[in-house]
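Residue-level structural notes
Chain by chain, the residues run as shown.
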Amino acid sequence: MTTLDIKDLHVTVETEDGPKEILKGVTLTIKDGETHAIMGPNGSGKSTLAYSIAGHPKYTVTGGSVTLDGADVLAMSVDERARAGLFLAMQYPVEVPGVSVSNFLRTAKTAIDGEAPKLRTWVKDVNTALQALDLDPTFGTRSVNEGFSGGEKKRHEIAQLELLDPKVAVLDETDSGLDIDALKVVAEGVNRFRAREGKGVLLITHYTRILRYIEPTFVHVFVDGKVAESGGRELADQLEAEGYDKYVRTAAV
Ligand code: ADP
Ligand code: MG
Ligand code: MG
């Protein structure tokens, strides 16, 4: 059993005018077998939530807790979080010039498992993962994210997801900037991952489009740094029809 438990999480970010509270009490429980979609307008704090779970140094937790199977995630370093089974796909992934995709994946896998993967099965697994994501085998020789198209960045993230095999995946706008073919390939990758035993997914998205291909267990509307409403897929359908106006107006009062 896997449970990522976020309780009354408050987070500030350092700005020119001093610390500004972005997350204002986020409470969310993700269990294995569940996919939670977080949907919200731009600037509502969705990426801040993802970065806070991942342990990005720019974000300061001022209250609340995050635990993974009872272990205090907030007390862990970024590496420890990855080893504990958390995976974060960034909205804006960084370039790592001079480090090939193959080496990057192998290094990450070794760090997470505590031992290097067996070479023969590993090469096969990498090739299978790349192929399933419609990536050319030569993709492994390219520098991480350098000159990648938007679609290649997202496919590379899903290749990481499938190969690193975390317990909980936090995917921040994995759908943004994808054409429909790339979106389907990426969604299929996420679906392969979550079909495995004991996996949880936190799918952060601005648009409902990806939810046509990835069926969410729960949908949360995220406004002004917290969950404004939770429901099932019908909530996404309602957002598609009506947008965020209703929630944004309520939050502004
Ligand atoms: P979303 O992902 O929902 O669009 P973000 O988490 O990126 O929202 O941002 C939420 C709010 O926090 C925005 O008002 C944004 O300007 C502010 N913010 C986020 N990160 C920083 C930062 N590093 N410095 C200053 N402001 C930030
Ligand atoms: Mg509070
Ligand atoms: Mg964002």
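For clarity, every value in this text was computed on a predicted model and none was experimentally measured. (Residues numbered from 1 in each chain as written. Chains lettered and ligands numbered in written order. Predicted model: local features only at pLDDT ≥ 70, side-chain atom pairs only at ≥ 80, totals over all residues.)

Overview of the site of ligand 1
We count it as follows: In this analysis a residue is considered near a molecule or strand if the C-beta atom, reconstructed from its backbone, is found within 6 Å of that molecule or strand. Runs of H or I in DSSP of at least four residues are treated as helices and runs of E of at least two as strands, each being numbered from the N terminus. Classes in brief: Ala, Val, Leu, Ile, Met, Phe, Trp, Tyr, Cys and Pro nonpolar; Asp, Glu, Lys and Arg charged; the others, Gly included, polar.
Inspection of the region around ligand 1 gives V13, T15, I22, G40, N42, G43, S44, G45, K46, S47, T48 and K58 as its neighbouring residues. The set of elements that each furnish at least two residues to the shell around ligand 1 consists of β1 (3–15) and α1 (46–54). Broken down by element, the shell around ligand 1 gets its largest block of residues, three residues, from α1. A class-by-class count of the residues in the shell around ligand 1 yields two nonpolar, eight polar and two charged.

Comments concerning the nonpolar core
Among soluble globular proteins, nonpolar side chains are generally buried collectively. Cut-off, in case you're wondering: For this analysis, nonpolar core means a set of buried Ala, Val, Leu, Ile, Met, Phe, Trp, Tyr and Cys residues linked through C-beta atoms within 7 Å. Neighbour counting defines burial: a residue surrounded by 20 or more other C-beta atoms within 10 Å of its own C-beta is buried, one with 12 or fewer is exposed, and intermediate counts give partly exposed, using backbone-placed C-beta atoms.
Core analysis: the biggest nonpolar cluster contains 59 residues, and M39, I53, V168, V170, L171 and L202 have the highest contact counts within it. Per-element tally for this core: the top contributor is strand β2 (residues 18–31), with five residues.

Overview of the environment of V11
Let me state the cut-off plainly: A residue pair is marked as a contact if its C-beta atoms, positioned from the backbone, fall within 7 Å.
With respect to the helices, strands and loops of the structure, V11 is situated in strand β1. Remark: the alpha-carbon pair of V11 and T48, spanning 37 residues in sequence, is separated by 8.0 Å. The contact partners of V11, leaving out residues within four places of it in the chain, are I22, L23, T48, S52, Y59, T60, V61 and T62.

Let's talk about the confidence of the model for the protein
The test is simple: Confidence of the prediction at every residue is given by pLDDT, a number between 0 and 100.
Scored by pLDDT, the protein has a mean of 93; 98% of the residues are at 70 or more. Here helix α8 (residues 245–252) is the element of the protein with the lowest mean pLDDT, 78, and strand β5 (residues 71–72) is the one with the highest, 98. Note on the complex model: pTM 0.93, ipTM 0.93.

Quick notes on helix α3 (residues 101–113)
Put simply, the test is: A helix is expected to span 1.5 Å multiplied by its residue count minus one.
In this model, α3 (13 residues) spans 18 Å end to end at C-alpha, consistent with the 18 Å of a helix rising 1.5 Å per residue. With its phi angle positive at about 80°, G114 sits one or two positions after the end of α3.

What to know about unusual backbone geometry
You will see that D134, though not glycine, has its phi angle at about 60°, which is positive. Secondary-structure assignment places D134 in the loop between α4 (119–132) and β8 (143–144). Positive phi, close to 55°, is recorded for D165, a residue that is not glycine. Along the chain, D165 falls in the loop between α5 (150–164) and β9 (168–172). Here D165 falls in the partly exposed class, since 17 other C-beta atoms lie within 10 Å of it.

Let's talk about the pairing of strand β6 (residues 86–89)
To be explicit about the condition: By the convention used here, strands pair only if DSSP detects at least 2 bridges between them.
Neither face of β6 is open: one carries L86 and L88, the other F87 and A89, and all of them are buried. Pairing of β6 with β9 involves four bridges; the strand directions are parallel. Directly across from F87, in β9, lies its bridge partner A169.

Topic: the sheet that holds β5
The four strands are arranged β2-β1-β4-β5 in an open sheet whose pairing can be described as antiparallel. Of all strands in the sheet, those bounded by a partner on one side alone are β2 and β5.

Focus on the pairing of β1
In terms of strand pairing, β1 meets β2 through eleven bridges, oriented antiparallel. Directly across from L4, in β2, lies its bridge partner I30. As consecutive antiparallel partners, β1 and β2 are separated by two residues.

With respect to the packing of α4 against α5
Where we set the bar: Axis lines are fitted to C-alpha atoms, over the contacting stretch for helices. Their N-to-C directions set the angle, which ranges from 0 to 180 degrees. Angles are sorted into four bins: roughly parallel if under 35 degrees, roughly antiparallel if over 145, roughly perpendicular if 65 to 115, and oblique for all others. We call a crossing left-handed when the near helix sits turned anticlockwise from the far one by less than a right angle, and right-handed when that turn is clockwise.
As a packed pair, α4 and α5 sit with axes 9 Å apart at the nearest point and diverge in direction by 140°. In terms of orientation, α4 lies oblique with respect to α5. Handedness of the α4/α5 crossing: right-handed. Contacts between α4 and α5 involve D125, V126, A129 and L130 from the first element and A159, E162 and L163 from the second. Among the residues forming the contact of α4 with α5, the class breakdown is five nonpolar, no polar and two charged.

Looking at the sheet that holds strand β12 (residues 226–231)
Overall, mixed pairing links the six strands, which are arranged β6-β9-β10-β3-β11-β12 in an open sheet. Two strands close off the open sheet at either side, each with one partner strand: β6 and β12. Averaged over all pairs of adjacent strands, the angle between their axes in this sheet comes to 20°, without regard to strand direction. Where strand β3 (residues 35–39) and strand β10 (residues 200–205) come together, five bridges link them in parallel fashion. In the strand pairing of β10, H36 is matched with L202. Most of the contacts of α1 go to β9, to which it runs at about 145°, and overall it touches β3, β6, β9, β10 and β11 (218–223).

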